[in-house]
Every structure is written in structure tokens, then in C-alpha cells.
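# Fold and geometry: a report
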Number of protein chains: 2
Amino acid sequence: MSEFDLIAALRERLESSPPGARVRLGMGDDAAVTVPEGATATTVDAIVEGIHFERATAPPRSIGHKALATALSDLAATGAKSGEAYIVLGVPSGLGTDESLEIYEGIAALAERTGTAVLGGDVTRSDNMFLAVTAVGHLSSADAAVPRAGARPGDAVLVTGALGGAAAGYELLRERGVPDPPEADELRRRHLEPLPRLAEGAALARCGASAMIDISDGLGADAIHVSRSSGVELSIELDAVPVEAGVAAVAGSLGTDPLALATERGEDYELLACIDPEKVPEAVAALEQMGTPLTRIGTAAPGSGVVLREANGRVREPRGFDQLSQS
Amino acid sequence: MSEFDLIAALRERLESSPPGARVRLGMGDDAAVTVPEGATATTVDAIVEGIHFERATAPPRSIGHKALATALSDLAATGAKSGEAYIVLGVPSGLGTDESLEIYEGIAALAERTGTAVLGGDVTRSDNMFLAVTAVGHLSSADAAVPRAGARPGDAVLVTGALGGAAAGYELLRERGVPDPPEADELRRRHLEPLPRLAEGAALARCGASAMIDISDGLGADAIHVSRSSGVELSIELDAVPVEAGVAAVAGSLGTDPLALATERGEDYELLACIDPEKVPEAVAALEQMGTPLTRIGTAAPGSGVVLREANGRVREPRGFDQLSQS
């Protein structure tokens, strides 16, 4: 199949994605033309075979899903509504047309679910497979965007959902003899097909969140990003951190601490938000309507850095995923 | 150097790029936030080591330049003004920090020259180096965008600048014993650091171009894209095609036809435009002010397909660059 034929086939798969009210020129032109209103949030994210996923453990459909999900998660962290996406696919010679199309099926399904119009892309040969996704979201105004830099001393530190599921799912997928807990399928799904917290991010923005980030590098590492950008200390009580069901069982089998899976490994794509404590009840109620727990895990204070405090008062060093340090 | 440190270093290099009047949140947040006016044109383009460039022949600076240039060239083809760019860099383990930074110097220099704000990106390990660039341009309205699909029977077919320079430059860079013509440095630059025709694209749009495309795959292949999208035949007189100075000498050394380099090889990043013949003089005058030749090479007619006609009346088959067909 030639490049043009493959692109045509991939385009066909994506034409089912919702066209988007803002779209004037879509796929097949040199550039897509849209008419945005208010402000626009744009993010790019790449996932690479051997670094972010292994084809042995990740079905093609989930590779496509995850590539789009990680980009949409960045939009969620600013409070934006998802609008459009652009996909670059690097295809190794060993990847069949069917697998390429399955990758795009995963993208198209999540695009549909999140109201995202896939408007363009590029397909190229590459030694290892990669996907680079650009996601464009929309905000009523630039002031509506929640930055990393807005946390103030006294703000409550909150986290959506529960953590550790993606890391536990990854360990189960590696098939190193860890027995399946009852939640095993859900844990694997957390790793393979995370769902970006778009509605939750928008609700937290409406409720007045001062700073937000998605937990992609690990709770500790992402808290450091907020702390540095905002110029505050974030103090987190580890026994308040919500740990996903089944994570403790997997951690037990591995002989490790569930909190290490929940705070040091990342890829949960939950949101970490800072917010005036008076606004917490409203935010909790708003997310409850979506069926998503919102848990207070700490407080912002004058100073710098991140303190992860155990129930016994001992302080842990924040750790996170930093791929270029890995050998 | 860790991922975070490398990103910080790369970010520093790019902070010199013009911030852009529309930008509210720039680098370092989960997503960049801008306030567009009118309509937005968005394109993504990837270049991969071993497919689009070889590190043996392409200095890191030119790799960065070319990655951004190819994306901006797509904006030029819609008539948009360049606004913002987002860069994904896949870094092989053999690539040093200095080389990574030089790549970004090439991006930053072209960004500055074209008034493009580099607002975000992602850096990841990868077996082979790749760069994926998202470029966002701005238009006064969606109607101002020139599509591929607007060519009408009777339109003149025009091309900016001259063709074949990039292919000739590539042959010189391969060092297969082709002697340098006097224009050798310029030909190599055409291959390594093409300049997107942004001002020319905007002028052609203002002058009423009905269809436009940038010549990345080769004149014949790109003419086919316009022909298919517009539902017209494009008839091109090969002896009217402007061939870059020095191309004939390189073609002679290779024992090939200069017109093959000019029409079958691509990467010249000139613009192919269709326009009402009555508007041609105004368009030629507008581009003359920029020092850019605009040459009529053919005519759109009812029908389909692309006819490349030699001076003797013989018709050539259009050929172009189709990477996935290459073994």
C-alpha cells in the first residue's frame, strides 16, 4: 500500500469523527481551517514504541487511544473543552496496514467519545513506531484557562479519582507472575486506555481552581511542576491520597508499597488541582454529579518544594517518571 | 541531562522567539493559550531520520530549520500568516545535548524570521531522530483560506520561484562525484534550508487565487492533488516550467533530464497556484515587489488528471515522491 493509499484509508476511518462546528476546511487540504471563538488551548504529546508502550503488551487500538488521551488530558488540565486533533503516525516497516488502521480506530473512538474532530495528520515511515498528537481545545476566554502558576498559599490541594491504577495495570501486563486481583481488567484498562478528565477539568475551572496539572509523571513530580510555577510549597498527606482498588494487592505481590505505585509512577491522567478551601464543597459536589471522587490531599503554603508526609510524620522525597534519565 | 533539564535548556533557546500578540499562556504549561481572531489554519508535518534527512548530510541546525519550514509551507499554501508552532523532538541515544540544541537554534532562527512564536513541545527518546511540527496560521476569515479544491476550468496555473534546486542540492550533498556548479551553495541551501513562501502565499490569496498547494512531493504529484480536489484537468507546458540556475549542470553530470529534477522530486517548497487569467498580471506584480518570480506554466480545463506536455507535444506521466512505496 502506498503512502497516499494508506493516508486515504486512514482518513476514511477518521471521517466518522464529529466534524466540529468550527471547522471550515478539514482533512485533505494543506492546512485545516477553523473559526475559533474565545480562546484556544493547544498541546502536543508524543508516544514512542519502546519508551511509552511496547507492542507486545499494548494492542494497536489502545496505542491510538492512549496517544490521543494523553494530549486531551493536557487540555483537561487547563479546563478547556476538546475541539480538534491532528495526528502524526510513524510507521515501522513491520507494521501492517491492518494494525495502522486499528491504531486509528482507537483514536476515532476516543475522538467521538470526547467530541473531538480529527482534522489532519501526517504518515511517515520510521524505525520505531511513534504517534505525535496535537490537541486543540476551546475556552470562553483566555482568563478562563487554569495555569500551573496560580496556586496561592492556603489553597487546598485536590486530586480527582484514584491513583496507582495505571502502574498496577502495567505490572499486570508485564506478566511477571503477579496474580490478577478482581480489579485486574480495570487496572489494565487504566494503563492501556486512560480516560482524560475533560468534564472534571472544565468543572474545576468553573469552580475557581487556581492551578491545575494532569498527573502524567507521578503525583510527586507533577506537584513539583505546580510548586515551581506557582512559587508555593505543596504539602501532601500521603494517607489522604486515594489509591485505586486492586493496587494494594498488586503492590503486595510485588513486595512494594501501594503508595509508591500511586505517587511515583504516573500515567494515571487524573487531575491535581489547587483551589480556595471555601470553594472545595462546590467542586466536590460538581464532580460527584459526574461520578468522580474529588479528594483533598494537602495544602499550599508559603515557600517552595513538595512535602509528601506519611501518617507517622516521616517525609518522603518526591519521585517521578523522567524518561531521558532512564538508561 | 534529564528530560526536564533538556526541555528547560531547549525552552530557553526558544524564548527568544517572538511572543506573539495572541499568546496568553506560553511554554511550560500543560497547554498554550492563545486568542485567535478571524480564522485559524493548522497543519502538522513530521520529518524522520533516514527518510527525510540523513544526519551525515544534514547539519542539526538545518534539520530544525527544515522541519519548521515544511510546516510553514503548508500555511503559505492556504494564504495564512504564520502565528504559532509546537515542536515534538524524538532524540536517539546517540544525539548529544549540543546537537539537540543546534536543532532548536535552526527552529528559533526561522521562527524569528517568519514571526512565529514557538509555544510548546515535547521531547522524548526514540530509536531514530524525528521532528513533528504543528504550525498554526491566521486568516482574516475562513473565506480567505485558499483550498486545494477551488480551481476552475480556464484558470491559469502558476508557480512561484524556480524548481529543481532542492533535488540538485541533494545530489550535490550525496557527494557522488557530481562537480559543483557556481550555484552549488545555493542549491545545497535549497535542499537543507528551504524558505516557506509565506508572503507570496498571502499575496496570491489576496489576488484571488482559486486553489493553491506547496510543491513538496513534486510538481506532477502536487498538481494531481489539486486536480483531484478541484475536479479539473491541469495541463502544464514543461518548457514553461522555471528551472533553478545550476540544476541543468547537475542534471548533466548525473546524465539525467533537468526537468526530471524540477518536476518529479519535490521539496522545493514553491507554491503552485490556480487563478483567473485576468488576475495574473496583478499577482505577478505583487510577487515582483518581493523579488519572487511568478510564472504561468499551464491552464486548468474541464476533465481530470494532469498533463505534462513537452515542447514537441509528447506527454509525460506525472511522478512524485511517495515514501511508503520506496523499499
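These numbers were taken from a predicted model, which means no experiment stands behind them.

With that settled, consider the interface of chain B and chain A. Each partner contributes residues to the interface: chain B has 62 residues there, and chain A has 63 residues. Buried surface at the junction of chain B and chain A, summed over both partners, amounts to about 4900 Å²; 59% is from carbon and sulfur atoms. Where chain B packs against chain A, one counts 0 salt bridges. Joining chain B to chain A, the criterion identifies 9 residue pairs in polar contact (both at pLDDT 80 or more). In terms of residues, the side of chain B that touches chain A owes the most to one element, strand β3 (residues 39-48) of chain B, which gives 9 residues. Grouping the constituent residues of the side of chain B that touches chain A by class yields 31 nonpolar, 18 polar and 13 charged. Pairing geometry for strand β3 (residues 39-48) of chain A and strand β2 (residues 32-34) of chain B, over 3 bridges, is antiparallel. Of the residues in β2 of chain B, the one forming a bridge with Thr42 of chain A is Ala32 of chain B.

Bringing the sheet that holds strand β9 (residues 232-237) of chain B into the picture now. Residues and elements named next belong to chain B. Reading across the sheet, the 7 strands line up as β8-β10-β7-β11-β9-β12-β13 and stay open at both edges, with mixed pairing between neighbours. With partners counted over all chains shown, the strands left at the sheet margins are β8 (211-214) and β13 (315-316), one partner each. By the bridge criterion, 4 bridges tie β8 to strand β10 (residues 271-275) in an arrangement that is antiparallel. Its bridge partner lying in β10, Met212 is registered against Ala273. Contacting β7 (156-160), β8, β10 and β11 (294-302), helix α6 (residues 198-206) runs over the sheet at an angle of about 5° to β10.

This part is about the confidence of the model for chain A. In the predicted model, chain A carries a mean pLDDT of 90, and the fraction of residues at 70 or more is 92%. Predicted confidence is poor over residues 323-327 of chain A, with pLDDT under 50, and the contacts of this stretch with residues over four places away or in other chains come to 17 contacts.

A few words on helix α4 (residues 165-173) of chain B. Residues and elements named next belong to chain B. Burial of α4 is extensive: 8 of the 9 residues sit out of reach of the surface. All of the buried residues along α4 are Gly165, Ala166, Ala167, Ala168, Gly169, Glu171, Leu172 and Leu173. Buried residues belonging to α4 abut α5 (184-192), α8 (247-254) and α9 (258-264). Glu175 sits one or two residues past α4 and shows a positive phi near 50°.

A few words now on the sheet that holds strand β11 (residues 294-302) of chain A. Residues and elements named next belong to chain A. In space, the 7 strands of this open sheet follow the order β8-β10-β7-β11-β9-β12-β13, with mixed pairing throughout. Each edge of the open sheet carries a strand with a single partner, namely β8 (211-214) and β13 (315-316). Of the pairings in the sheet, the one linking strand β7 (residues 156-160) to strand β10 (residues 271-275) comprises 4 bridges and is antiparallel in character. Bridge assignment links Ala156 to a residue of β10, and that residue is Ile275. This element, helix α7 (residues 219-230), spans β8, β9 (232-237), β10, β11 and β12 (306-309) of the sheet and lies at about 150° to β9.

So, on to the nonpolar core. Val33 of chain A together with Leu68, Ile103, Tyr104, Ile107, Leu131 and Leu204 of chain B are the most contacted members of the largest nonpolar core, which has 60 residues in total. Among the elements that make up this core, the one with the highest residue count is helix α2 (residues 60-78) of chain B (9 residues). Of all hydrophobic cores here, the second largest spans 59 residues; its members include Leu89, Leu198 and Val280 of chain A together with Ala31 of chain B.

All names here are of chain A. Counting through the fold element by element, Ser235 comes out in strand β9. Assessed through its relative accessible area of 12%, Ser235 is described here as buried. Contact partners of Ser235, with chain neighbours within four places excluded, come to Ile297, Gly298, Thr299, Val307 and Arg309.

Another aspect to go through is the pairing of β9 of chain A. Residues and elements named next belong to chain A. Direction of pairing for β9 relative to β11: antiparallel, over a ladder of 5 bridges. Looking across to β11, one finds that Ile236 is bridged to Gly298. One ladder, built from 4 bridges, connects β9 with β12; its direction is parallel. Its bridge partner being in β12, Leu234 is matched across the sheet by Val306.

A separate point is the relation of the copies chain B and chain A. Each of the two chain copies can be brought onto the other by rotation about an axis and movement along it. Of the transformation placing chain B onto chain A, the axial shift is 0.0 Å and the rotation is 180°, giving an RMSD of 0.0 Å. Expressed as an axis order, the relation between the two copies is that of a two-fold axis. A shared interface surface links the copies, since 100% of the contact residues of chain B are contact residues in chain A too.

All names here are of chain B. One way to put it is that α2 packs onto helix α3 (residues 97-114) with a least axis distance of 6 Å and a crossing angle of 40°. It follows that α2 is oblique to α3 by the angle criterion. Taken as a pair, α2 and α3 cross one another with a handedness that is right-handed. Between α2 and α3, the contacting residues are Pro60, Arg61, Gly64, His65, Leu68, Ala69 and Leu72 on the first element and Glu99, Glu102, Ile103, Glu105, Gly106, Ile107, Ala109, Leu110, Ala111 and Thr114 on the second. Split into classes, the residues belonging to the contact of α2 with α3 amount to 9 nonpolar, 4 polar and 4 charged.

Let us look at the environment of Phe53 of chain B. All names here are of chain B. Inspection of the secondary structure assignment puts Phe53 in the loop between β3 and α2. Relative accessible area serves as the criterion here: at 8%, Phe53 is assigned to the buried category. Here Phe53 is in contact with Ile47, Val48, Ala58, Ile63 and Met129, once residues within four sequence places are set aside.

Before going further, it helps to examine the packing of aromatic side chains. A full pass over the atoms with the stated rule returns 1 aromatic pair over all chains. Relative to Phe130 of chain B, the ring of Phe130 of chain A lies with its centre 3.7 Å away and its plane at 5°, an arrangement referred to as stacked. Linking Phe130 of chain A in strand β6 (residues 130-139) with Phe130 of chain B in strand β6 (residues 130-139), this pair reaches from one chain into another. With a relative accessible area of 0%, Phe130 of chain A lands in the buried category.

Okay, unusual backbone geometry next. A positive phi angle is found at Glu267 of chain A, which is not glycine, with a value near 70°. Mapped onto the elements of the fold, Glu267 of chain A is located in the loop between α9 (258-264) and β10. Residue Glu267 of chain A is classed as buried on the basis of its relative accessible area, which comes to 16%. Residue Tyr269 of chain B is not a glycine yet carries a positive backbone phi of 55°. Mapped onto the elements of the fold, Tyr269 of chain B is located in the loop between α9 and β10.

With that settled, the discussion passes to the state of the cysteines. Residue and element names in this part refer to chain A. A complete count under the given rule lists 0 disulfides over all chains for this structure. The structure places no disulfide on Cys207, whose sulfur is separated from the nearest cysteine sulfur, that of Cys274, by 15 Å. On the accessibility criterion, Cys274 (1% relative accessible area) is buried.

What counts and what doesn't
- Residues numbered from 1 in each chain as written.
- Chains lettered and ligands numbered in written order.
- Predicted model: local features only at pLDDT ≥ 70, side-chain atom pairs only at ≥ 80, totals over all residues.
- Heavy atoms only, no water.
- Contact = heavy atoms within 4.5 Å.
- Buried area = accessible area lost by both parts, 1.4 Å probe.
- Salt bridge = Lys/Arg side-chain N within 4 Å of Asp/Glu carboxyl O.
- Polar contact = N/O pair within 3.5 Å; in protein donor to acceptor, adjacent residues only side chain to side chain.
- Helix = DSSP H or I, 4+ residues; strand = E, 2+ residues; numbered from the N terminus.
- Nonpolar A, V, L, I, M, F, W, Y, C, P; charged D, E, K, R; others polar.
- Pairing = 2+ DSSP bridges.
- Axes fitted to C-alpha atoms, helices over the stretch in contact; angles between N-to-C directions.
- pLDDT = per-residue confidence, 0-100.
- Buried < 20%, exposed > 50% of the residue type's maximum accessible area, 1.4 Å probe, protein only.
- Core = buried A, V, L, I, M, F, W, Y, C linked by side-chain atoms within 4.5 Å.
- Least-squares fit on C-alpha atoms with pLDDT ≥ 70 in both.
- Parallel < 35°, antiparallel > 145°, perpendicular 65-115°, else oblique.
- Left-handed = near helix turned anticlockwise from the far one by under 90°.
- Phe/Tyr/Trp six-rings, centres within 6.5 Å; stacked < 30°, edge-to-face > 60°.
- Disulfide = S-S within 2.5 Å.

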